[in-house]
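# Survey of secondary and tertiary structure
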Amino acid sequence: QVQLVESGGGLVQPGGSLRLSCAASGSIFSIGTMGWYRQAPGKQRELVAGITRGGTTNYADSVKGRFTITRDNAKNTVYLQMSSLKPEDTAVYYCNTAPVPTVNWGQGTQVTVSS
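Just so we're clear, the structure is a prediction, and the values are computed from it rather than from any experiment.

## Some points on the sheet that holds strand β5 (residues 46-51)
- Taken together, the six strands give an open sheet; going across it, the order is β2-β10-β9-β4-β5-β6, and neighbouring strands pair in mixed fashion. Each edge of the sheet is formed by a strand with only one pairing partner; in this case those strands are β2 (10-12) and β6 (57-59). Strand after strand, the sheet turns through a mean of 25° between neighbouring axes, direction not considered.
- Bridging between β2 and strand β10 (residues 109-113) involves three bridges; their strand directions are parallel. Pairing of Leu11 across the sheet is with Thr112, part of β10.

## Regarding the packing of aromatic side chains
- Per the stated rule, a full pass over the model turns up two aromatic pairs.
- Consider the rings of Tyr37 and Trp105, whose centres lie 5.1 Å apart with planes at 90°: the pair is edge-to-face. Remark: Trp105 occurs in the loop between β9 (91-97) and β10 and Tyr37 occurs in strand β4 (residues 34-39); sequence separation between them is 68 residues.
- Assessed through its relative accessible area of 5%, Tyr37 is described here as buried.
- On the accessibility criterion, Trp105 (35% relative accessible area) is partly exposed.
- Each member of the aromatic cluster is reached from another via a ring pair, and the members are Tyr37, Tyr94 and Trp105.
- The cationic tip of Arg45 hangs over the ring face of Tyr94; the distance from NZ or CZ to the ring centre is 4.0 Å.
- The ring of Trp105 has Arg45 lying over it, and the distance from NZ or CZ to the ring centre is 4.0 Å.

## Here we look at the pattern of salt bridges
- What the rule picks out here adds up to four salt bridges.
- Salt-bridge contacts for Lys64 lead to Asp61; the nearest nitrogen and oxygen are separated by 3.2 Å.
- Judged by its relative accessible area of 67%, Asp61 falls in the exposed class.
- Through salt bridges with shared partners, a single network forms among Arg38, Glu46, Arg66 and Asp89.

## A word on the sheet that holds strand β3 (residues 18-24)
- Spatially, four strands are ordered β1-β3-β8-β7 in an open sheet, and the strand pairing comes out antiparallel. In this open sheet, the two strands that pair with only one neighbour each are β1 (4-7) and β7 (67-72). Strand after strand, the sheet turns through a mean of 15° between neighbouring axes, direction not considered.
- As paired elements, β7 and strand β8 (residues 77-82) share six bridges and run antiparallel to each other. Looking at the pairing, Ile69 lines up with Leu80 of β8.

The rules behind these values
Residues numbered from 1 in each chain as written. Predicted model: local features only at pLDDT ≥ 70, side-chain atom pairs only at ≥ 80, totals over all residues. Heavy atoms only, no water. Pairing = 2+ DSSP bridges. Helix = DSSP H or I, 4+ residues; strand = E, 2+ residues; numbered from the N terminus. Axes fitted to C-alpha atoms, helices over the stretch in contact; angles between N-to-C directions. Phe/Tyr/Trp six-rings, centres within 6.5 Å; stacked < 30°, edge-to-face > 60°. Buried < 20%, exposed > 50% of the residue type's maximum accessible area, 1.4 Å probe, protein only. Lys NZ or Arg CZ within 6 Å of the ring centre and 35° of its normal. Salt bridge = Lys/Arg side-chain N within 4 Å of Asp/Glu carboxyl O.

Structure, rendered in structure tokens:
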């Protein structure tokens, strides 16, 4: 069974940067598009970035120009480089297939943007 393990979250000041990683076991990358999702307290989980196996990316308007998604197919790992972070980026971040999540969710990684 495929498992997803997210890491790299933490507490950062507004304007700061973080790099998240998502390590997948198994051959999940043969499926195609992977994405990063986030869920803020009291809100629904939302897709913020996606990347195809070939490297084509797309982003939610709220993060466009600030977040960059990349993937290393050889390592079965997806990354999310986040910069110019804002308090409204505070959430638990998850990875999964996109735009429809088809794998059991991992534990996520908490990102808190606060001064």
